[in-house]
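# Descriptive structure summary
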Amino acid sequence: MTKRVSGPFDVKLLPMAPDAEAARSVLGRMRIDKRFHGALEATSEGQMLATRSPDKGSGGYVALEHVTGTLDGRQGSFILQHSGTMDRGAYSLSVTVVPDSGAGALTGLAGSMKIIIDDKGNHSYDFEYTLADAP
């Protein structure tokens, strides 16, 4: 059975030094630190690679984040994979649970997450998921 939960989250993006081989690259690297609230009560750590055009409002990013905490009262962890693009101001984003990344009581987790940012910069999530062994 598919379930859906939502709530706010706090996020910090911290610039990271590029790898020595990538020092002249157009790619930026960021550390992701999040705290989810609500039915997903968890923290996450991750890394993002991103690039953008200097004047056209276009770019892209990929990221992986390791989420640890409780989801609807079930303790465990899982990995989220992000893929986002911005095409002259119009964006598309896919955030999915990496298959077989669920651990603990979240083993068998599958799903996708929408990230919502309001006009004041507040972040929230809408997470649709299934658990292989959920009642």
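Overview of the structure. Since the structure is predicted, the reported quantities are computational estimates derived from the model, not experimental observations.

Turning our attention to the environment of Ala110. Within the fold, Ala110 resides in strand E8 (residues 109-117). Placed 12 residues apart in sequence, Ala110 and Val98 show a C-alpha to C-alpha distance of 7.5 Å.

A separate point is the layout of surface pockets. The rolling of a water-molecule-sized probe over the atoms marks out the regions of remaining empty space. There is about 710 Å³ of room inside the largest pocket. Along the walls of the largest pocket sit 25 residues, with Leu13, Met48, Tyr61, Leu93 and Ile117 positioned nearest its centre. Counting residues per element, the ones that place at least two in the lining of the largest pocket are strand E1 (3-16), strand E2 (28-36), strand E3 (40-52), strand E4 (59-71), strand E5 (74-87), strand E6 (90-97) and E8. Each residue belonging to the lining of the largest pocket can be placed in one class, and the counts come to 13 nonpolar, 10 polar and 2 charged.

This part is about the packing of aromatic side chains. For any pair of aromatic rings, the description rests on two quantities: the centre-to-centre distance and the angle between the ring planes. Applying the stated criterion to the full structure yields 4 aromatic pairs. Taken together, Phe9, Phe36 and Tyr125 form an aromatic cluster joined through their ring pairs.

Okay, the side chain of Ser44 next. Here Ser44 lies in strand E3. Polar side-chain contacts of Ser44 include one of 2.5 Å to the side chain of Glu65. Other than its neighbours up to four places away in sequence, Ser44 contacts Ile32, Asp33, Lys34, Phe36, Glu65, His66 and Val67.

It is worth spelling out the side chain of Ser77 at this point. Here Ser77 is to be found in strand E5. In this structure Ser77 comes out as buried when scored by relative accessible area, which is 13%. Excluding anything up to four places from it in sequence, Ser77 contacts His66, Val67, Thr68, Ser101, Gly102, Ala103 and Leu106.

On to the nonpolar core, then. Among the nonpolar cores identified, the biggest contains 19 residues, and Leu40, Phe78 and Phe127 are the most heavily contacted of them. Among the elements of the structure, E1, E3, E4, E5, E6, E8 and strand E9 (123-131) are those that each provide at least two residues to this core. Residue contributions to this core peak at 4 residues, all from E9. For Leu40, the contacting residues outside a window of four places in its chain are Val67, Thr70, Leu71, Phe78, Met113 and Tyr125.

The rules behind each value
Residues numbered from 1 in each chain as written. Predicted model: local features only at pLDDT ≥ 70, side-chain atom pairs only at ≥ 80, totals over all residues. Heavy atoms only, no water. Helix = DSSP H or I, 4+ residues; strand = E, 2+ residues; numbered from the N terminus. 1 Å grid on protein atoms, 1.4 Å probe; cavity = no way out; pocket = protein on both sides within 12 Å on 5 of 7 lines; lining within 4 Å. Points joined across faces, edges and corners; volume = space filled by probe spheres on them. Nonpolar A, V, L, I, M, F, W, Y, C, P; charged D, E, K, R; others polar. Phe/Tyr/Trp six-rings, centres within 6.5 Å; stacked < 30°, edge-to-face > 60°. Polar contact = N/O pair within 3.5 Å; in protein donor to acceptor, adjacent residues only side chain to side chain. Contact = heavy atoms within 4.5 Å. Buried < 20%, exposed > 50% of the residue type's maximum accessible area, 1.4 Å probe, protein only. Core = buried A, V, L, I, M, F, W, Y, C linked by side-chain atoms within 4.5 Å.

So yeah, pure geometry; function would need other evidence.
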